[in-house]
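# Examining the three-dimensional arrangement
So you can see what is in the structure, the chains are spelled out below.
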Amino acid sequence: MTRRHLLPLAVTAVLTAGLTAAPTAAAAGAPTAAAAPNAAGAPTAAGAPTTSATDASWRADLSIVDADDSGVISDGGAVRLDRAAPTPASARAAVRTGFLQLAPHRLATPANTVAAAVKSTVPAGAEVAVDVRGALGDDQWTEWVEARPDAPAVLPATTDTVQVRLALTAERQTPEVRELTLTAATTESFSTEAAGLSYRIFATREGLVGGTTANGHVIKERDHFVALPSRRGLSANNAGTYSVRVCASNGRCEWAPVWDVGPWNTKDDYWNPPATREMWKDLPQGKPEAQAAYQDGYNGGKDQFGRTVANPAGIDLADGTFWDGLKLTDNAWVTVTYQWTGSGPAGYVRTAGDPLNVRSGATSTATQVGLAANYAMVRVECQVTGQSVTGSQGTSNIWYRVAAGKYVAKAYVSGVSGATTC
């Protein structure tokens, strides 16, 4: 099986020369139009899913490490944690983390569970996990779900294409995986959330410029991404499959990809219900363990590493998201919507690097009310006709409403289908 780096659909820039009536990209709130960079998100002709033969089982190819992987090396068909693997910057814990993300795999028969059989060497203090997600169409995926030795990964929807990711962690020793066999099956059907889950969460500024995130991204000044305390919602570097909308009390919002794991914990997918939450299953859905520890003395006031929790943070914001997107001056309570937990039309921001301005109306002269980071997923409520803009996706007078009173130019958003008129 061949693995290739995944590309979102419709990322080819269509640039129109000689137009004088259309505003410049900068006027629309984004950098000068340029071809959109390659990024993970959905298969294209160059990265089509591999296809199962005639049964529901297949053996993973562990021999290739490429751009959507981090912190792992492959040797002789086995994959192991690199001794130089990064530690998640936001978690501020000395736990090396590596990910090997396999190519999407097309099943002979649609399924919603995947079991994993692993042959590995896992020293004391190390961990090897197998995560699975399913394609939902329109460049969207389910959340990563772990396939445990005693239980298969159960996806929230039946799908004909799945993707598998190996997660290796350790403080000192080096775990190794020599063989991985997957088996798909179908059980009781589940339905996805109609609207994205949303909770009021305490946010802190990550900072740590020059550090490396869990997905291998090197943090730069005024960067635009967020960290959540679970790998289940972690995007590959230069991808926004898992993104959030973060809104402050001042009315500003930023759409940003999840590129790091933390703060405090690394196995706290608090946005999920207790039945599927990885740890801290006795806490209510939407309440981070750090918040419970800080406010209520839960777990003796400590995080999963035994550290005394000094604030109730459930999300970390990169400096650009914190200062420029939300205009925050101090850590604050924000409303976070986990974009991948919803359904309906969605697209991905494609700029030359800088974030896209979010406007209060369908024109580049409307008030800027937030930012949408490059690569971020944006949920589209509906579309309107407004000012014509030329950007990475061509020239268009269509603007997408991504929240009440908040619009982005279609010229900088790829992959949206099925959007209705406002």
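Computed from a predicted model, the values in this text were never measured in an experiment. (Residues numbered from 1 in each chain as written. Predicted model: local features only at pLDDT ≥ 70, side-chain atom pairs only at ≥ 80, totals over all residues. Heavy atoms only, no water.)

### Regarding the environment of G216
- If you trace the backbone, G216 turns up in the loop between β12 (197–205) and β13 (226–228).
- A sequence separation of 128 residues divides G216 from P88, and the C-alpha atoms of the two residues are 8.8 Å apart.
- The residues contacting G216, other than those within four sequence positions of it, are S70 and N237. (Helix = DSSP H or I, 4+ residues; strand = E, 2+ residues; numbered from the N terminus. Contact = heavy atoms within 4.5 Å.)

### Observations concerning the state of the cysteines
- The full count for this structure, using the stated rule, is two disulfides.
- Bridging C247 to C253, the disulfide has an S-S length of 2.0 Å. Given an S-S torsion of about 110°, the disulfide between C247 and C253 has right-handed geometry. Each member of the pair, C247 as well as C253, carries the same accessibility label: buried.
- Bridging C382 to C422, the disulfide has an S-S length of 1.9 Å. Looking along the S-S bond of the C382-C422 disulfide, the torsion reads about 95°, which is the right-handed sense. Residue C382 is found in strand β22 (residues 382–391), and its partner C422 is found in the segment after β25 (413–414); the two are separated by 40 residues along the sequence.
- Look at C382 and you get buried, because its relative accessible area is 4%.
- Taking the relative accessible area as the measure of exposure, C422 reaches 45% and is therefore partly exposed. (Disulfide = S-S within 2.5 Å. Buried < 20%, exposed > 50% of the residue type's maximum accessible area, 1.4 Å probe, protein only.)

### Section: the layout of surface pockets
- Here the second largest pocket is characterised by a volume of approximately 290 Å³.
- Taken together, 16 residues make up the lining of the second largest pocket; nearest its centre are V95, E127, T169, T266 and K267.
- Sorting the residues of the lining of the second largest pocket by element identifies β5 (96–101) and β10 (153–170) as the ones contributing at least two each.
- A per-class count over the lining of the second largest pocket returns seven nonpolar, five polar and four charged. (1 Å grid on protein atoms, 1.4 Å probe; cavity = no way out; pocket = protein on both sides within 12 Å on 5 of 7 lines; lining within 4 Å. Points joined across faces, edges and corners; volume = space filled by probe spheres on them. Nonpolar A, V, L, I, M, F, W, Y, C, P; charged D, E, K, R; others polar.)

### Here we look at the nonpolar core
- Judged by nonpolar contacts, the single largest core of 52 residues is most densely connected at L228, V244, V246, W255, I315, L317 and Y338.
- The element best represented in this core is strand β23 (residues 394–403), accounting for five residues.
- The contacts of I315, once residues within four sequence positions are left out, are I201, F202, A203, T204, V226, A227, L228, V244, V246, P263, V334 and V336.
- In terms of nonpolar packing, the next biggest core, distinct from the first, is built from 29 residues, L62, A111, A126 and V132 among them. (Core = buried A, V, L, I, M, F, W, Y, C linked by side-chain atoms within 4.5 Å.)

In short, shape yes, function no, at least from these values alone.
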